[in-house]
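Single-letter residue listing:
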Amino acid sequence: MRDCYVKADQEKFYNGLAKFEEGCKFAYGKNFVELSADEKKDAVKKMTVADKETFLRLKELTVTGYFTSEIGATQALAYLPIPGRFDACIPLEPGQKTWAL
Amino acid sequence: MNLNIDAIKAQTFDAIVIGSGVSGGWAAKELTEKGLKVIMIEKGKMLEHISGYENAMKDPWDTMYNGRLTVQQRESHPKLSRDYPYNELTEKYWMNDSDSLYQEEKRFDWYRPDIVGGKSIMWGRQSYRLSDIDFEANLKEGIAVDWPIRYKDIAPWYSYVEKFAGISGEKLNLPQLPDSEFLPAMPMYCVEEHVKKSIFDKFGGRIMTIGRVANLSAAEKAQMGVGRSQCQYRNKCSLGCPYGAYFSTQSSTLPAAMKTGRLTLRTDAIVKEIMYDENKKRATGVRIIDKNTLEVTEFYSKIVFVCGSTLGSTTVLLNSISNRFPNGMGNDSEQLGHNLMDHHFRIGASGDWEGGADKYYFGRRANGIYIPRYRNIGNDKRDYLRGFGYQGGGSRKNWARKNGDLSFGADMKEELTKPGEWTMNLGGFGECLPYYENRVYLHKTEKDKWGMPVQVFDAEFKENERKMRLDMMNDAKEMLEAAGMKNVRAFDNKSYPGMAIHEMGTARMGRDPKTSVLNGNNQIHAVPNVFVTDGACMTSASCVNPSLTYMALTARAADFAVKELKKKNL
Ligand SMILES: Cc1cc2nc3c(=O)[nH]c(=O)nc-3n(C[C@H](O)[C@H](O)[C@H](O)COP(=O)(O)OP(=O)(O)OC[C@H]3O[C@@H](n4cnc5c(N)ncnc54)[C@H](O)[C@@H]3O)c2cc1C
Ligand code: SF4
């Protein structure tokens, strides 16, 4: 965020997050990280309506960050750095995960 | 005195090759293998094969920004950051915008490499032959000048370079897209097979084939001989291939030339000009500027191969001023710098496919599909000249597919670990006509930090290209819709000259010295010991990716040059 987005976008995003935190404090009397799983879900759900822009940016960054991290790429996805061969059309086996790369 | 003679001897070669990219690499290989002592002069820095490809083996989490550009990079590189080839992982391969001070009367996106190997490291490797439909077009239509060669002149040289470079593809026997000497073709995804069949059935036998690509789908003796091995299907080619599995100077032509023991490679050296001897009516060598010390040195040779990439080569020629050539070497015709061409692209359509949900793939194919030109061929007649081909391909959507919607949470995360639906994309590459007005010239006073005059671009796509683009977009949409694709989205992301990095023309070949710079052997008409064999020589652009043609023309010119040397004609 800090390096790849222009100042205006950064500020918008950080302001959005700050507002979101305030909202959590107001509604639950706690910071977002201290909320229970259900409360968190609820809070994010409200955000999709209240501040769609910040939500989408947050989601994009989270999803990208996760699936390009070592744990995301190698555990949540199918990670294969050197395939060695190419098959264009094979049956999709049950449980097959998306290729990480 | 003796010292001087020794020094001159050390600076004297049979041949000088300017540039070490696709064309220069071939010139060095051919000339050294034919027994000449050669110096290849490259302005970029050394990039060692394999060990130099620092980012090739990195995982996404090993990089800072997953390949993205930072704001700082976008600010320091206002021109390079206009498109994808410049990114976090390839940064080192490109010349900095702060050093590359070219000017734009009209927008021109110029991607200048700064490494040994030139753009042969970053290129897309799509490799197609021109046909007589291309070579005859100017003459038949009364456009510009006639090519001085025909397909039969270059065909054996295509074969020759293909056997060494290694081109994977499918034989089709099409008049507009002659077959290469092929390594096994790469297979198509199910969505591609589906679209291919539909296009053939519904558009009167229109062809879609797998891309013809300079990646080793199998390694043969010629390639293993220089240490190359088969493609591992990682699709990270633009970072450099640790397996030498695609054609580049480093993987292919440089080791072959080095093996002869007759090649000297000089890096970090800008060729400033080619020197000319009025009495002998020949070039005598080149003057270089050391990039780091600014020291000027001369090298001497019997022949010079100018392979600095279209615009690099023409810059050197325009900057080679003498009494005989006050407007640039070989510029009697006043055509030098003119007729600048590039392909226009970034237009087409994409769509989603509901079929094939039970099909997947293994490995990452560094190649797509190709739809050869079908417009203005046979009985097809359009309201514009020439035509276009499509590149593109299928894929299954990945974890990024829900970034634009409002879903979140554990279910979404689980869903994203599974392959998404198939999509198909078609992007046109169109021919641009050679217009005299489209040109590059040297600024009269502005110089870069090495004292080289700054280039100025004044080129644009015109009416013929605009009309063609309508077809390029609509045909793509029509083909995908006919194949039953959903959410078909036509796009025109705008194309400016230079963007396709297929810059061509500016020192065209022709039959008449009054209207062209080079003859049918890539020789400057008036300076027969100077050969220009890169894209500068192109008399028209065709719509296919051009580099394979530069390889073939370079090998052909090298063969001619050595024969002429033996006959003492040069
Ligand atoms: C991202 C990308 C994708 C591409 N995809 C394809 C494709 O799929 N198919 C295709 O056919 N083509 C493709 N191209 C184009 C292809 O890379 C070029 O056509 C090809 O590299 C041209 O070869 P060349 O030897 O003429 O120039 P280059 O490879 O650019 O080499 C020229 C060399 O000369 C050096 N030089 C220039 N001036 C001087 C000087 N004055 N003194 C010393 N050295 C000098 C340069 O530094 C450079 O290293 C692609 C290019 C890019 C960047
Ligand atoms: S896809 Fe093949 S050629 Fe490209 S980097 Fe991987 S192994 Fe090399």
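Look up a bit, the structure's there.
Residues numbered from 1 in each chain as written. Chains lettered and ligands numbered in written order. Predicted model: local features only at pLDDT ≥ 70, side-chain atom pairs only at ≥ 80, totals over all residues. Heavy atoms only, no water.

1. Some points on the pattern of salt bridges
Charged atoms that come close allow side chains of opposite charge to pair.
Part 1 of the reasoning: Counted under the stated rule, the structure contains 54 salt bridges over all chains.
Part 2 of the reasoning: A:Lys46 is the partner of A:Asp42 in a salt bridge, and the nearest nitrogen-oxygen pair spans 3.6 Å. A residue pair is termed a helical-turn pair when its members lie 3 or 4 positions apart in one helix, as A:Asp42 and A:Lys46 do in helix 2 (residues 37-50) at four residues.
Part 3 of the reasoning: Overall, A:Asp42 belongs to the partly exposed group, its relative accessible area being 37%.
Part 4 of the reasoning: When the shortest N-O distance is used, the salt bridge between B:Arg107 and B:Asp109 registers 2.9 Å.
Part 5 of the reasoning: Its relative accessible area of 29% is what places B:Arg107 among the partly exposed residues.
Part 6 of the reasoning: According to the relative accessible area criterion, B:Asp109 is buried, its value standing at 1%.
Part 7 of the reasoning: One network of salt bridges, in which partners are shared, links B:Arg375, B:Asp380, B:Arg382, B:Asp471 and B:Asp475. (Salt bridge = Lys/Arg side-chain N within 4 Å of Asp/Glu carboxyl O. Helix = DSSP H or I, 4+ residues; strand = E, 2+ residues; numbered from the N terminus. Buried < 20%, exposed > 50% of the residue type's maximum accessible area, 1.4 Å probe, protein only.)

2. Description of the packing of aromatic side chains
Here a ring pair, both rings aromatic, is described through the centre-centre distance and the interplanar angle of the planes.
Part 1 of the reasoning: Throughout the structure, instances matching the rule amount to 34 aromatic pairs over all chains.
Part 2 of the reasoning: For the pair B:Trp110 and B:Phe457, a centre-to-centre distance of 5.4 Å together with 70° between the ring planes defines the contact as edge-to-face. Here B:Phe457 lies in strand 17 (residues 453-458) and B:Trp110 lies in the loop between strand 3 (103-104) and helix 4 (132-141), a separation of 347 residues in the sequence. Neither residue differs from the other here; B:Trp110 and B:Phe457 are each classed as buried.
Part 3 of the reasoning: One aromatic cluster is present, built from ring pairs that chain together A:Phe86, A:Trp99, B:Tyr189, B:Tyr233, B:Tyr360, B:Tyr361, B:Phe362 and B:Trp422.
Part 4 of the reasoning: Sitting over the face of the ring of B:Tyr102, B:Lys79 holds its NZ or CZ atom 4.1 Å from the ring centroid.
Part 5 of the reasoning: Taking NZ or CZ as reference, B:Arg112 lies 3.9 Å from the ring centre of B:Trp110, over its face. (Phe/Tyr/Trp six-rings, centres within 6.5 Å; stacked < 30°, edge-to-face > 60°. Lys NZ or Arg CZ within 6 Å of the ring centre and 35° of its normal.)

3. Quick notes on helix 8 (residues 249-259) of chain B
All names here are of chain B.
Part 1 of the reasoning: Among the eleven residues in helix 8, eight count as buried, and that is most of the element.
Part 2 of the reasoning: Of the positions making up helix 8, those classed as buried are Thr 249, Gln 250, Ser 251, Ser 252, Thr 253, Leu 254, Ala 256 and Ala 257.
Part 3 of the reasoning: Close packing links the buried residues of helix 8 with helix 2 (22-33), strand 2 (38-41), helix 5 (151-165) and strand 7 (263-266). (Contact = heavy atoms within 4.5 Å.)

4. Considering the environment of B:Pro255
Part 1 of the reasoning: With respect to the element layout, B:Pro255 can be found in helix 8.
Part 2 of the reasoning: Those residues in contact with B:Pro255 that lie beyond four places of it in its chain are B:Val226, B:Thr249 and B:Gln250.

5. Some remarks on unusual backbone geometry
Residues and elements named next belong to chain B.
Part 1 of the reasoning: Located in the positive-phi region is Lys 281, a residue other than glycine, with phi close to 55°.
Part 2 of the reasoning: Structurally, Lys 281 can be placed in the loop between strand 8 (269-277) and strand 9 (282-290).
Part 3 of the reasoning: The phi dihedral of Ile 501 falls on the positive side, at around 55°, and the residue is not glycine.
Part 4 of the reasoning: Looking at where Ile 501 falls in the secondary structure, it is placed in the loop between strand 18 (486-492) and strand 19 (523-524).
Part 5 of the reasoning: Looking at Ile 501, the relative accessible area reads 22%, which means it is partly exposed.

6. Observations concerning the interface of chain B and chain A
Quite often, the size of an interface is put as the accessible area lost when its parts meet.
Part 1 of the reasoning: Of the residues lining the interface, 46 residues belong to chain B; the matching set on chain A comes to 44 residues.
Part 2 of the reasoning: Between chain B and chain A lies a buried interface of about 4,300 Å² when both sides are counted; carbon and sulfur atoms form 65% of it.
Part 3 of the reasoning: It is B:Tyr360, B:Phe362 and B:Trp399 that lose the most area in chain B upon contact with chain A, and together they represent 21% of the buried surface on that side.
Part 4 of the reasoning: On the surface where chain B and chain A come into contact, there are two salt bridges. (Buried area = accessible area lost by both parts, 1.4 Å probe.)

7. A short note on the packing of helix 5 of chain B against helix 12 (residues 547-566) of chain B
All names here are of chain B.
Part 1 of the reasoning: Where helix 5 contacts helix 12, the axes come no closer than 8 Å and their chain directions differ by 110°. The angle between helix 5 and helix 12 falls in the class roughly perpendicular. Mapping the contact onto sequence places Asp 153, Ile 154, Trp 157, Tyr 158, Tyr 160, Val 161, Glu 162 and Ala 165 in helix 5 and Leu 548, Thr 549, Met 551, Ala 552, Leu 553, Ala 555, Arg 556 and Asp 559 in helix 12.
Part 2 of the reasoning: Looking at the contact of helix 5 with helix 12, its residues break down into eleven nonpolar, one polar and four charged. (Axes fitted to C-alpha atoms, helices over the stretch in contact; angles between N-to-C directions. Parallel < 35°, antiparallel > 145°, perpendicular 65-115°, else oblique. Nonpolar A, V, L, I, M, F, W, Y, C, P; charged D, E, K, R; others polar.)

8. Digging into the side chain of B:Gln176
Part 1 of the reasoning: Within the secondary structure, B:Gln176 is located in the loop between strand 4 (167-168) and strand 5 (182-183).
Part 2 of the reasoning: Of the residues examined, B:Gln176 reaches a relative accessible area of 16% and is grouped as buried.

9. Observations concerning the sheet that holds strand 17 of chain B
All names here are of chain B.
Part 1 of the reasoning: A sheet is described by the order of its strands in space; here three strands give the open sequence 3-17-16, paired in mixed fashion. A single partner strand is all that each edge strand has here, and the edge strands are strand 3 and strand 16 (439-447).
Part 2 of the reasoning: Here five bridges tie strand 16 to strand 17, and the two strands are oriented antiparallel to one another. Its bridge partner being in strand 17, Leu 442 is matched across the sheet by Gln 455.
Part 3 of the reasoning: Along the sheet face, helix 9 (residues 309-318) touches strand 16 and strand 17 and points at about 55° away from the line of strand 16. (Pairing = 2+ DSSP bridges.)

10. Topic: the site of ligand 1
All names here are of chain B.
Part 1 of the reasoning: As a matter of local geometry, ligand 1 sits amid 37 residues, with Ser 23, Glu 42, Gly 124, Gln 126 and Ser 547 nearest to it.
Part 2 of the reasoning: One of the backbone N or O atoms of Gly 21 is found 3.5 Å from an oxygen atom in ligand 1.
Part 3 of the reasoning: Within the side chain of Ser 309, a nitrogen or oxygen atom sits 3.4 Å from an oxygen atom of ligand 1.
Part 4 of the reasoning: Taken by itself ligand 1 offers 990 Å² of open surface, and the protein chains cover 95% of this.
Part 5 of the reasoning: Of all the elements in the fold, those that place two or more residues in the shell around ligand 1 are helix 2, strand 8, helix 9 and helix 12.
Part 6 of the reasoning: Looking at the shell around ligand 1 residue by residue, the classes come out as 17 nonpolar, 15 polar and five charged. (Near = heavy atom within 4 Å. Polar contact = N/O pair within 3.5 Å; in protein donor to acceptor, adjacent residues only side chain to side chain. Areas by Shrake-Rupley, 256 points an atom, 1.4 Å probe, with all protein chains shown as cover.)

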